[in-house]
Amino acid sequence: MTDKTAFLYHGDYLDYNFGPSHPLKPKRYKDTFELLQKLGVFNEEVKHYKPDYASEEDLMLVHSQEYVQRVKRMCEKGTGHLDYGDTPARKGIYEASCAKVGGSILGANLIMSGDVNHAFNVGGGLHHATRNSAAGFCVFNDVAIAARHLQKRHGLKRIAIVDVDGHHGDGTQWTFYKEPILTISLHRYGGGLFGRFYPGTGDIDEVGEGAGKGYSVNVPLPMGTFDEAYLEAFSEIVPPLIEKYRPEILLNQFGVDTHYQDPLVGLSLTTKSYVEVSSTLHNLAHEFSGGRYLVFGGGGYEPANVSRCWAVMFMTVAGVTPKNEEMYRALFDKDVKTRDPRIFEKVRKTIKDVKKTIFPLHGS
Ligand SMILES: [Zn+2]
Ligand SMILES: [Zn+2]
């Protein structure tokens, strides 16, 4: 079934550009938009919306005034770094960041007003940014800002944020660590050739504090985790928690750097997982959250794959039947990976440990 779905994209997302040698290629936003157009996805129900820039007041729902002003100043000059070296300050980054945050806020507003059921901000998902710092290519945390906006401007109490990027959703987790806002992150974790995998947090024992205890859920996965193992972890942990929590809205950071060809992460997913994850969350949103489902982009560093993976996810969420059948079939990965049973064993142990740690805190 087709539901009213918004695709959020602003031309200024292309200015989120850290330079030619940086792994984040902003062209992927435009590529995704154009691919969806070619596929014939847009119609009366499924529409593109262009957001306004977020205001400083919006940014300060999560970030300190000092940090917002520092980003603005440094980007005007266009030199130096906004964090410890991954995220350079360049001209246009501040404005592009405001456009991106504006996209996530518009998505939230369109859903809350009932104009659409679902929305996807292709330029959103900047989950590493914290109150006082950029981190890991993320300047302002639009996921956390959208959630705060939903709390403060729409009066929501129960918001679930599921983060399926290849990296831990640390900035989002720390923002809500002491509040009963459900954050679930599945990500690669642990040692690798170059030491601890970025950002180094997201172990099972980070469960939240005070009123937030039990609402921070982490599923750390070993390098090489493939579709079947990933989907077992996802389906054993995420739906039961959503069912128990009954969020008023479901937020979903949908980084696709989990893909098997991604150069930065080392997980081994294919489009099979993206269909399964997005259709499961979509159905949960209809069952428990009045259909309110807000999706954000995120990581993804093999440009040819990113637009393809997001197109598959977006069409799953919107329930669109593609006009161009042949082109649609070409979006999917062939079945590619060898399935190392030792990885499956590790993931199964993780599933057990997460359930043992988290489920009792929710009375089950
Ligand atoms: Zn729907
Ligand atoms: Zn990532």
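In short, a report on the structure. (Residues numbered from 1 in each chain as written. Chains lettered and ligands numbered in written order. Predicted model: local features only at pLDDT ≥ 70, side-chain atom pairs only at ≥ 80, totals over all residues. Heavy atoms only, no water.)

## Structural notes on the coordination of the zinc ion (ligand 2)
Convention followed: Donor criterion used throughout: N, O or S atom within 2.8 Å of the metal, extended to 3.2 Å for Na, K and Ca. Water excluded; incomplete-looking sites may result. Helix and strand definitions here come from DSSP, where helices need a minimum of 4 consecutive H or I residues and strands a minimum of 2 consecutive E residues; each element is numbered from the N-terminal end. Each residue is placed in one exposure class: buried if its accessible area under a 1.4 Å probe, protein chains only, is under 20% of its type's maximum, exposed if it is over 50%, and partly exposed if it falls in between.
For the zinc ion (ligand 2), the full set of protein donor atoms is D165 (OD), H167 (ND1) and D257 (OD), at a range of 1.9 to 2.1 Å. As a motif over one chain, the donors of the zinc ion (ligand 2) read D-x1-H-x89-D. Linking D165 in the loop between β4 (159-163) and α6 (170-175) with D257 in the loop between β9 (249-253) and α8 (271-288), this pair joins segments that are 92 residues apart in sequence. Given the relative accessible area of 0%, D257 is considered buried.

## Details of the pairing of strand β5 (residues 182-188)
Rule in force here: DSSP bridges decide pairing: two strands pair if at least two such bridges lie between them. Orient the strands so they point away from the viewer, and a crossover whose first-strand-to-second-strand path over the helix runs clockwise is right-handed.
With seven of seven residues buried, β5 lies mostly within the body of the structure. The two faces of β5 match: L182, I184, L186 and R188 on one face and T183, S185 and H187 on the other face are all buried. Judged from the four bridges that link them, β4 and β5 form a sheet pairing that is parallel. Directly across from D163, in β5, lies its bridge partner S185. Once the chain exits β4 it traverses α6 before rejoining the sheet at β5, and the crossover so formed is right-handed. Direction of pairing for β5 relative to strand β8 (residues 216-221): parallel, over a ladder of six bridges. Across the sheet, residue I184 finds its bridge partner in β8, namely V217.

## Side note on the layout of surface pockets
Inclusion rule: Site definitions follow a grid-based scheme: protein atoms alone, a 1 Å grid, a 1.4 Å probe that fits but cannot get out for cavities, and for pockets an open set with protein on both sides within 12 Å along at least five of seven lines, plus lining residues having an atom within 4 Å of a point. Grid points are joined across faces, edges and corners, and a volume is the space filled by probe spheres set on the points.
In this structure, the second largest pocket encloses a volume near 240 Å³. Forming the boundary of the second largest pocket are 20 residues, of which G136, F137, H167, L264 and Y301 lie nearest the centre.

## Details of the coordination of the zinc ion (ligand 1)
The criterion, for reference: Under the classification used here, a metal with four donors is tetrahedral if each angle lies between 85 and 135 degrees, square planar if opposite donors are over 155 degrees apart and the others between 65 and 115, a six-donor metal meeting that same test is octahedral, and anything else is irregular.
Bound to the zinc ion (ligand 1) are the protein donor atoms D3 (OD), H118 (NE2), H282 (NE2) and H286 (NE2), situated 1.7 to 2.2 Å from the metal. Taken together, the four donor atoms surrounding the zinc ion (ligand 1) define angles of 97 to 146 degrees at the centre, an arrangement classified as irregular. In the primary structure, the donors to the zinc ion (ligand 1) are separated according to the pattern D-x114-H-x163-H-x3-H. Of this pair, H282 and H286 are both found in helix α8, four residues apart, which corresponds to roughly one turn of the helix. On the accessibility criterion, H282 (12% relative accessible area) is buried. Judged by relative accessible area, which is 35%, H286 ranks as partly exposed.

## Concerning the pairing of strand β2 (residues 46-49)
Where strand β1 (residues 5-8) lies against β2, four bridges are found, and the strand directions are parallel. Among the inter-strand pairings, T5 is bridged to a residue of β2, identified as V46. As a crossover connection, the stretch from β1 through helix α1 (residues 27-39) into β2 is right-handed.

## Let's talk about the packing of aromatic side chains
Just so we agree on the cut-off: Stacked, edge-to-face and tilted are the three classes for Phe, Tyr and Trp ring pairs, Trp counted by its six-membered ring, which pair at centre distances within 6.5 Å; planes under 30 degrees apart are stacked, over 60 edge-to-face, the rest tilted.
Considering all chains together, one arrives at 20 aromatic pairs under this definition. Where F7 meets F42, the ring centres are 5.9 Å apart and the plane angle is 65 degrees; that geometry is what we call edge-to-face. Of the two residues, F7 is situated in strand β1 and F42 in the loop between α1 and β2; the sequence distance between them amounts to 35 residues. Its relative accessible area of 0% is what places F7 among the buried residues. For F42, a relative accessible area of 22% puts it in the partly exposed group. Linked through ring pairs, F7, Y9, Y13, Y29, F33, F42, F120, W310 and F314 together constitute an aromatic cluster.

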